[in-house]
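# Secondary and tertiary structure notes
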Amino acid sequence: MARNETKARWLSWGRRGTAGAAIPMALAFEGVTQRFGEVEALSEVTLAVEPGEIVALLGQSGCGKTTLLRLAAGVERPDAGRVLLEGRDVSSPGSFVEPEQRGVGLVFQDYALFPHLSVRENVRFGLRGYGEASADATALRAIARVGLADLADSYPHMLSGGEQQRVALARAVAPRPGVLLMDEPFSNLDRRLRDVVRDETAALLQETGATSIIVTHDPEDAMRIADRIVLMRAGRIVQVGTGEELYRRPASLFAARFFCDFTEVEGRVSGKAVDTPLGRFPVKGLTEGSDAIVCIRPHAVRLVPNGYCLPGRVVTRRFLGEVDHILVAVDGFDRPLSVRASLAGSIREGEDVGVDIPSDEVLVFPAGDT
Ligand SMILES: Nc1ncnc2c1ncn2[C@@H]1O[C@H](COP(=O)(O)OP(=O)(O)OP(=O)(O)O)[C@@H](O)[C@H]1O
């Protein structure tokens, strides 16, 4: 189904089935495959989301995040596998529960507010199964909850991007859906506003208790808002875990790169360690003699007085507020080493320094594991 057509249908359904359904639902995908012509957008995806859990689908453009969300919403049907809500099969090649019967709320990337309806009317639109007075009261409560009580009679064009996002959120949560699906909800906001709206949204999601899935390509969004992150690549799930698990113990170089701007150093495995131009780093489970990539986190590197550890020279230093970003040239390594540190202005460009790279802070992956 074309995306605009889907949006129009979704909004006109009014989600009547969700009225009063405040109880978070379990959502599961079992071996879901979705093709669009030659493109396999999803390949045998299996994922269980617990009731009340907030999950972020994270990945680069085109990896299948939105397709998975649309399957949960019921605006696509899988070619294989099934989608379950509360253990009940709602979508498979042989059976299908209509979106309006699912108790699922959806926030679109562009918010999809009706331009000719006021804030109050936009939010009421999702409450069409309610009686007149109850719909009005519920809409106003949701509007007040997102801090827009004063703007209830304004129209979308009179609102800032952040305010529009809040209206879309209010409209989605007002019918108290058991599952809330959000497609890149912060991508249209500038950086500062994004931080505020993201934190407010996180608080609202916790409060409503709905099982929530948020599509994003931004690891910071995912880490700040989600209980669990599902990292996707080319239609498959490559790793699932908390933000901390993915950040500290990425399962692959691909996952590692998603969460950190490492300095990557090539080396060769020899005697349970990798030999690199920046030193020898212990490694487990890699084949003797194989090529490996050592990933060094910028904030793990310590700059020490000249004469200690590896000899280096500060090439550039940029003040970034809470930390400085420093590039250090190290003898024998053809690229600058990236360092983030809070130095209180004590180190200058051109200065000779020692470079300490704690070996327990680096990650090592087989070369070619990308
Ligand atoms: N209706 C469609 N018709 C044809 N191809 C589609 C359709 N929907 C998605 N695709 C293709 O399926 C793949 C996955 O798309 P999807 O939108 O799920 O990715 P995404 O990870 O959400 O990307 P983005 O972050 O850019 O929105 C892409 O290659 C996309 O071009």
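Cut-off values and rules
Residues numbered from 1 in each chain as written. Predicted model: local features only at pLDDT ≥ 70, side-chain atom pairs only at ≥ 80, totals over all residues. Heavy atoms only, no water. Helix = DSSP H or I, 4+ residues; strand = E, 2+ residues; numbered from the N terminus. Buried < 20%, exposed > 50% of the residue type's maximum accessible area, 1.4 Å probe, protein only. Contact = heavy atoms within 4.5 Å. Lys, Arg positive; Asp, Glu negative; His and termini not counted. Charge placed at Lys NZ, Arg CZ, Asp CG, Glu CD. Core = buried A, V, L, I, M, F, W, Y, C linked by side-chain atoms within 4.5 Å. Pairing = 2+ DSSP bridges. Axes fitted to C-alpha atoms, helices over the stretch in contact; angles between N-to-C directions. Near = heavy atom within 4 Å. Polar contact = N/O pair within 3.5 Å; in protein donor to acceptor, adjacent residues only side chain to side chain. Areas by Shrake-Rupley, 256 points an atom, 1.4 Å probe, with all protein chains shown as cover. Nonpolar A, V, L, I, M, F, W, Y, C, P; charged D, E, K, R; others polar. Phe/Tyr/Trp six-rings, centres within 6.5 Å; stacked < 30°, edge-to-face > 60°. Lys NZ or Arg CZ within 6 Å of the ring centre and 35° of its normal. Expected span 1.5 Å × (residues − 1). UniProt positions renumbered as here; feature names shortened; annotations may be inferred. Domains from an automatic or database assignment. Buried area = accessible area lost by both parts, 1.4 Å probe. Salt bridge = Lys/Arg side-chain N within 4 Å of Asp/Glu carboxyl O.

### What to know about the overall build of the chain
- Regarding its fold elements, the chain presents nine helices and 20 strands.
- Projecting the C-alpha coordinates of the chain onto the three principal axes gives extents of approximately 80 × 50 × 30 Å.
- In the chain, which comprises 370 residues, the share counted as buried stands at 51%.
- Contacts in the chain between residues far apart in sequence, at least 24 positions, make up 66% of those at least 6 positions apart.
- Across the chain, the mean location of the 43 positive side-chain charges is 2 Å away from that of the 50 negative side-chain charges.

### Details of the nonpolar core
- Counting 45 residues, the largest nonpolar core has Val123 and Leu180 as its most contacted members.
- At six residues, the largest contribution of residues to this core is made by helix 5 (residues 161-173).
- Residues in contact with Leu180, not counting those within four places in the same chain, are Gly105, Leu106, Leu169, Ala172, Val173, Leu205, Ala210, Thr211, Ser212 and Ile213.
- Leu27, Val83, Val90 and Val215 belong to the second-largest nonpolar core, a separate cluster that totals 31 residues.

### Some details on the sheet that holds strand 19 (residues 352-356)
- Taken together, the five strands give an open sheet; going across it, the order is 15-19-16-17-18, and neighbouring strands pair in antiparallel fashion. At either end of the open sheet lies a strand with only one pairing partner, and these are strand 15 (302-304) and strand 18 (337-341). On average, each strand axis in the sheet is tilted by 45 degrees relative to the strand beside it, whichever way the strands run.
- As defined by bridge partners, strand 15 adjoins strand 19 across three bridges and the pair is classed as antiparallel. From the neighbouring strand, Val304 faces strand 19, where its bridge partner is Gly354.

### Comments concerning helix 2 (residues 65-73)
- Most of helix 2 is tucked away: nine of the nine residues are buried.
- Within helix 2, the full set of buried residues consists of Lys65, Thr66, Thr67, Leu68, Leu69, Arg70, Leu71, Ala72 and Ala73.

### Quick notes on the site of the ligand
- For the ligand, the set of nearby residues contains 13 residues, the closest of which are Ser61, Gly62, Lys65, Thr66 and Thr67.
- In the environment of the ligand, an oxygen atom lies 2.7 Å from a nitrogen or oxygen atom belonging to the backbone of Gly62.
- Its free accessible area being 640 Å², the ligand has 67% of it covered by the protein chains.
- For the shell around the ligand, the secondary-structure elements that each account for two or more residues are strand 2 (39-49) and helix 2.
- Top contributing element to the shell around the ligand by residue count: helix 2, with three residues.
- Within the shell around the ligand, the residues separate by chemical class into four nonpolar, six polar and three charged.

### Some thoughts on the packing of aromatic side chains
- The final tally for this structure, using the stated rule, is three aromatic pairs.
- Geometrically, the ring pair formed by Phe114 and Phe125 is tilted, given 4.7 Å between the ring centres and 50 degrees between the ring planes. With Phe114 in the loop between strand 6 (104-107) and helix 3 (119-125) and Phe125 in helix 3, this pair connects stretches of sequence that are eleven residues apart.
- With a centroid separation of 6.4 Å and 55 degrees between ring planes, the pair formed by Phe258 and Phe259 is classed as tilted.
- Take Phe258: its relative accessible area is 13%, and that puts it in the buried class.
- Counting every residue linked through ring pairs, the aromatic cluster contains Phe254, Phe258 and Phe259.
- Sitting over the ring of Tyr247, Arg297 keeps its end group 4.1 Å from the ring centre.

### Focus on helix 5
- Between the first and last C-alpha of helix 5 there are 19 Å, a value that for 13 residues agrees with the 18 Å anticipated at 1.5 Å per step.
- Where burial is concerned, most of helix 5 is hidden: ten out of the 13 residues are buried.
- The complete set of buried residues in helix 5 reads Gly162, Gln165, Arg166, Val167, Ala168, Leu169, Ala170, Arg171, Ala172 and Val173.

### Notes on the UniProt feature "domain: ABC transporter" (unreviewed entry) in the chain
- The positions UniProt marks with the feature "domain: ABC transporter" (unreviewed entry) are residues 27-259.
- Secondary structure across residues 27-259 divides into 35% helix and 27% strand, with the first and last C-alpha atoms of the span separated by 26 Å.

### What about the domain arrangement of the chain?
- With domains assigned, the chain is organised as domain 1 (11-253) and domain 2 (261-366).
- Here the C-alpha centroids of domain 1 and domain 2 sit 40 Å apart.
- Between domain 1 and domain 2, the contact holds six residues from the first and seven residues from the second.
- In total, about 500 Å² of surface goes out of reach between domain 1 and domain 2, with carbon and sulfur atoms giving 67% of it.
- When residues of domain 1 are sorted by the area they lose upon contact with domain 2, Tyr247, Pro250 and Leu253 head the list and together hold 85% of the total.
- Seen at the junction of domain 1 and domain 2, the total is zero salt bridges.
- When grouped by side-chain class, the residues that make up the side of domain 1 that touches domain 2 number four nonpolar, one polar and one charged.

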